[in-house]
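Fold and geometry: a report
What follows is the residue order along each chain.
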Protein chains: 2
Amino acid sequence: MELQFLGTGAGMPSKLRNTSAVVLNLSAEGEGYWLFDCGEATQHQILHTSLKPRKIAKIFITHLHGDHIFGLPGLIGSRSFLGGDEPLDIYGPLGLREWLETTLRITQTHLNYTLRIHEIEEGVIFEDENFRVITQSLRHVIPCYGYRVEQKPLLGKLLIDKAVGAGVPKGPLLKRLKDGEDVTLDDGRVVLSKEVTGAPQEGFTVAILGDTSYCDSAVELASGADILVHEATFDLETGNLAKEYGHSTIGDAASVANEARVEALIANHISARFMPSDIAKLKVQGETIFPTLHIAEDFARFEWKDGEMIRLED
Amino acid sequence: MELQFLGTGAGMPSKLRNTSAVVLNLSAEGEGYWLFDCGEATQHQILHTSLKPRKIAKIFITHLHGDHIFGLPGLIGSRSFLGGDEPLDIYGPLGLREWLETTLRITQTHLNYTLRIHEIEEGVIFEDENFRVITQSLRHVIPCYGYRVEQKPLLGKLLIDKAVGAGVPKGPLLKRLKDGEDVTLDDGRVVLSKEVTGAPQEGFTVAILGDTSYCDSAVELASGADILVHEATFDLETGNLAKEYGHSTIGDAASVANEARVEALIANHISARFMPSDIAKLKVQGETIFPTLHIAEDFARFEWKDGEMIRLED
Ligand SMILES: [Zn+2]
Ligand SMILES: [Zn+2]
């Protein structure tokens, strides 16, 4: 699993930060890319990465402010033009369907794939054998959802020596044991999967929130998560503005991370008022409350591997 | 008057060319900027220029394909945020109002200025004392308009020696004569404006067309223009595709320029299939038919001054 930030700014694009978009790259987990929010020029940002638009399998929209959705119609169209033929699922608040359908109709955009629009409410909005996605409402000036992505426990590794020792011949029976199935050998003996596999491994949990003031549901969505992606539009000195506009300070983000006992916090949605030279100060303000803190830049990549998050360098 | 290209690509953004947008900068003529088409990330392109979004006074949309309009909602919102408080007029085909109003409503975008949407038909769509804008339908796969912008004749310069010689005292009377008014002196003599001013100067005419196959209305719109901005999505070898998709080759663009007897042709809307190394070949193909030909790159600027067009270098 890898997280790649495509836009880490707030409200409007600047030369340094585009409007919101972050890719949860689940290629290694067999799920393609899941995109969270899609500000204007997200497809342009993708041009500067190795990502392929046709591999975007799902898009999750936190809320319907323009800086979170104005890149959707262009990306949807380009995904088709660039060979995307697998269905695309888009999740988001009420109103998303009307806007997208109106836009596609008026621009006469024809797609070579099935577009499925899901207008969501709080709760489990997606579940398959590997993942579960849960949403809750946050506290913003318009309806806004946060997303919690839970990977289900992974089967334990096959202990091959143990299996062979138990008399299992090399071949398809090993694969079945690895996949959790108990098998009967030629001599009638039953070998249980759990006898020849290691303990199941815990999956990861990532919470990716939208625009929000500090709120309980942010803490709940992030509870015990490995990674929390949380907005930090303002610093401690501009906390009054944060409240007024339904946003968070870097301190609010760190407090949520702290109370939710997450492993790592990545702050995004950084106001253009902060120059690159201000970022160190922002970071210090957050670290006082929650030390394992990163502030994302556009194109920043984070990998989750063997239970740890590492920031990738290009 | 200056033309600045913000997007010169076709269909989708590439690293080298953004989707369509070109600014007709009429600041010197007192009309602000007139923007023609507004592909996604036009506001991002503006960040790399000295243009100010609040100075955009009018936007003319040729047609409702996404690569010509997906930058509109973001730019409209940012113009407000960046201090724009003068009314903004947007002209375009039927459907523009529904799309923009739906988009602004669903994203709850509030503007600090009056937005006036004009759904146009063929004919004179705008006229004031200095300019006239005329449209005609082009030949594309959806309704598409070309725009002809005519500057009205400019008053001749005041011949100050002649005026003083005629007994006009320095002061406000000179200004009135300069503005075309006849005046009566204290001694009762009438001085006619035309006696003390030079000949009226011709205004310029610029035709900025949208996506189109070769068609008579393109030639009519461009007839006798000083500058023609015409799409050239394809080269001579891919002319069959041009016809199929309602586009032009560089040869079609040059033929329109030739038949309309324009002074200069600027080709835009260049397919991403053409690498920078192919542009010279495209240019040669066009120049065989019409020699005064430029192929625009993103950020290319052209100035119209003293009856001549010059390409500005940065
Ligand atoms: Zn927002
Ligand atoms: Zn088009």
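Residues numbered from 1 in each chain as written. Chains lettered and ligands numbered in written order. Predicted model: local features only at pLDDT ≥ 70, side-chain atom pairs only at ≥ 80, totals over all residues. Heavy atoms only, no water.

- Chain A goes by Ribonuclease Z in an unreviewed UniProt entry, where it is assigned to Sporosarcina soli.
- Its UniProt record, at the heading Function (unreviewed entry), says of chain A: "Zinc phosphodiesterase, which displays some tRNA 3'-processing endonuclease activity. Probably involved in tRNA maturation, by removing a 3'-trailer from precursor tRNA."
- Its UniProt record gives chain A the following Subunit (unreviewed entry) comment, quoted word for word: "Homodimer." (UniProt positions renumbered as here; feature names shortened; annotations may be inferred.)

**What to know about the overall build of chain A**
- When helices and strands are counted, chain A shows 10 helices and 17 strands.
- Seen through its C-alpha atoms, chain A measures out along the principal axes to roughly 75 × 50 × 35 Å.
- Here the contacts in chain A between residues at least 6 apart in sequence split such that 61% fall between residues at least 24 apart.
- Here chain A displays about 13700 Å² of accessible surface, and carbon together with sulfur accounts for 50% of that area.
- Taking the average location of the 30 positive side-chain charges in chain A and that of its 46 negative ones, the two points are 4 Å from each other. (Helix = DSSP H or I, 4+ residues; strand = E, 2+ residues; numbered from the N terminus. Contact = heavy atoms within 4.5 Å. Areas by Shrake-Rupley, 256 points an atom, 1.4 Å probe, with all protein chains shown as cover. Lys, Arg positive; Asp, Glu negative; His and termini not counted. Charge placed at Lys NZ, Arg CZ, Asp CG, Glu CD.)

**Let's talk about the pairing of strand S8 (residues 131–137) of chain B**
Residue and element names in this part refer to chain B.
- Most of S8 sits out of view: five of its seven residues are buried.
- Pairing geometry for strand S7 (residues 123–127) and S8, over four bridges, is antiparallel. Along S8, the bridge assignment pairs Glu127 with Arg132.
- Linking S7 back to S8 in an antiparallel pair, the connection comprises three residues. (Buried < 20%, exposed > 50% of the residue type's maximum accessible area, 1.4 Å probe, protein only. Pairing = 2+ DSSP bridges.)

**Some thoughts on the state of the cysteines**
- For the coordinates displayed, the defined rule picks out zero disulfides over all chains.
- The cysteine Cys215 of chain A is free of any disulfide, with Cys144 of chain A supplying the nearest cysteine sulfur at 9.0 Å. (Disulfide = S-S within 2.5 Å.)

**Observations concerning the coordination of the zinc ion (ligand 1)**
Residues and elements named next belong to chain A.
- Summarising the metal site, the zinc ion (ligand 1) is bound by the protein donors His63 (NE2), His65 (ND1), His140 (NE2) and Asp211 (OD), whose distances to it range over 2.2 to 2.6 Å.
- Spacing between the donor residues of the zinc ion (ligand 1) along the chain follows H-x1-H-x74-H-x70-D. Taken together, the residues span a long stretch of sequence, with His63 in the loop between strand S4 (56–60) and helix H2 (66–69) and His140 in the loop between strand S8 (131–137) and strand S9 (145–151) at a distance of 77 residues.
- The buried category is assigned to His63, whose relative accessible area is 0%. (Donors = N, O, S within 2.8 Å, 3.2 Å for Na, K, Ca; no water.)

**Details of the coordination of the zinc ion (ligand 2)**
Residue and element names in this part refer to chain B.
- Here the zinc ion (ligand 2) is held by the protein donor atoms His63 (NE2), His65 (ND1), His140 (NE2) and Asp211 (OD), which lie 2.1 to 2.7 Å from it.
- Metal-centred angles of 78 to 168° between the four donor atoms at the zinc ion (ligand 2) mark the site as irregular.
- Along the chain, the residues that donate to the zinc ion (ligand 2) are spaced as H-x1-H-x74-H-x70-D. (Tetrahedral: all angles 85-135°; square planar, octahedral: opposite > 155°, others 65-115°.)

**Remarks on the UniProt feature "binding site: Zn(2+) 2" (unreviewed entry) in chain A**
All names here are of chain A.
- Taken from the UniProt record, the annotation "binding site: Zn(2+) 2" (unreviewed entry) applies to Asp67, His68, Asp211 and His269. Taken along the chain, the residues just named run across 203 residues; in space they keep tight, none of their C-alpha pairs more than 10.8 Å apart.
- Note on placement: His68 falls in helix H2.
- Judged by relative accessible area, which is 1%, His68 ranks as buried.
- Once residues within four sequence positions are removed from consideration, His68 is found in contact with Ser20, Asp37, Cys38, Gly39, Ile61, Thr62, His63, Asp211 and His269.
- With respect to the element layout, Asp211 can be found in the loop between strand S12 (205–208) and helix H7 (216–222).

**Remarks on helix H4 (residues 96–106) of chain A**
- Buried within H4 of chain A are the following residues: Leu96, Trp99, Leu100, Thr102, Thr103, Leu104 and Ile106 of chain A.
- Close packing links the buried residues of H4 of chain A with H2, helix H3 (72–81), strand S5 (88–92) and strand S6 (115–119) of chain A together with helix H4 (96–106) of chain B.
- Downstream of H4 of chain A by a residue or two, Gln108 of chain A has a phi angle that is positive, lying close to 50°.

**Re the UniProt feature "active site" (unreviewed entry) in chain A**
All names here are of chain A.
- Sites flagged by UniProt as "active site" (unreviewed entry) map to Asp67.
- Tracing the chain through its elements places Asp67 in helix H2.
- On the basis of relative accessible area, Asp67 is assigned to the buried category, the value being 11%.
- Here Asp67 is in contact with Ala10, Gly11, Thr19, Ser20, Gly39 and His269, once residues within four sequence places are set aside.
- Within the structure, Asp67 has its side chain in polar contact with the backbone nitrogen of Gly11 (distance 2.9 Å). (Polar contact = N/O pair within 3.5 Å; in protein donor to acceptor, adjacent residues only side chain to side chain.)

**Overview of the interface of chain A and chain B**
- Each side of the interface is counted separately: chain A has 33 residues, and chain B has 33 residues.
- At the boundary of chain A with chain B, total buried surface from both sides reaches about 2800 Å², with 66% on carbon and sulfur atoms.
- Here chain A is connected to chain B by two salt bridges.
- The residue Glu98 of chain B makes a salt bridge to Arg105 of chain A at a minimum N-O spacing of 2.6 Å. (Buried area = accessible area lost by both parts, 1.4 Å probe. Salt bridge = Lys/Arg side-chain N within 4 Å of Asp/Glu carboxyl O.)

**Here we look at unusual backbone geometry**
Residue and element names in this part refer to chain B.
- The phi angle at Gln108 is positive, at roughly 50°, despite the residue not being glycine.
- With respect to the helices and strands, the residue Gln108 is situated in the loop between H4 and strand S6 (115–119).
- Despite not being glycine, Arg261 has its phi angle at roughly 50°, a positive value.
- As for its placement among the helices and strands, Arg261 is situated in the loop between helix H9 (250–260) and strand S14 (264–268).

**With respect to the environment of Val219 of chain A**
Residues and elements named next belong to chain A.
- Position of Val219 among the secondary structure elements: in helix H7.
- Overall, Val219 belongs to the buried group, its relative accessible area being 15%.
- Discounting residues that sit within four places of it in the chain, Val219 has contacts with Tyr214, Val256, Glu259 and Ala260.

**Quick look at the sheet that holds S7 of chain B**
Residue and element names in this part refer to chain B.
- Taken together, the seven strands give an open sheet; going across it, the order is S7-S8-S9-S12-S13-S14-S15, and neighbouring strands pair in mixed fashion. The sheet terminates laterally at S7 and strand S15 (293–295), the two strands that pair on one side only. Each neighbouring strand pair of the sheet contributes to a mean axis angle of 20°, computed without reference to strand direction.
- The sheet contact formed by S8 and strand S9 (residues 145–151) spans seven bridges and is antiparallel. Directly across from Phe131, in S9, lies its bridge partner Gln151.
- Against the sheet, H9 touches strand S13 (227–231), S14 and S15, its axis set at about 155° to S13. (Axes fitted to C-alpha atoms, helices over the stretch in contact; angles between N-to-C directions.)

**Focus: the nonpolar core**
- Core analysis: the largest hydrophobic core is formed by 52 residues, its most contacted members being Leu72 of chain A together with Leu72 of chain B.
- When sequence neighbours within four positions are dropped, the list of residues in contact with Leu72 of chain A reads Cys38, Ile59, Ile61, Ile90, Leu96, Trp99 and Leu100 of chain A. (Core = buried A, V, L, I, M, F, W, Y, C linked by side-chain atoms within 4.5 Å.)

**Quick notes on the sheet that holds S6 of chain B**
Residue and element names in this part refer to chain B.
- On the basis of which strands lie adjacent, the open sheet formed by eight strands has the order S6-S5-S4-S3-S2-S1-S16-S17 and mixed pairing. Edge strands, defined here as strands with exactly one partner in the open sheet, are S6 and strand S17 (308–312). Direction aside, neighbouring strands of the sheet carry axes that sit 20° apart on average.
- With respect to the sheet, H4 is in contact with strand S5 (88–92) and S6, its orientation differing from that of S6 by roughly 150°.

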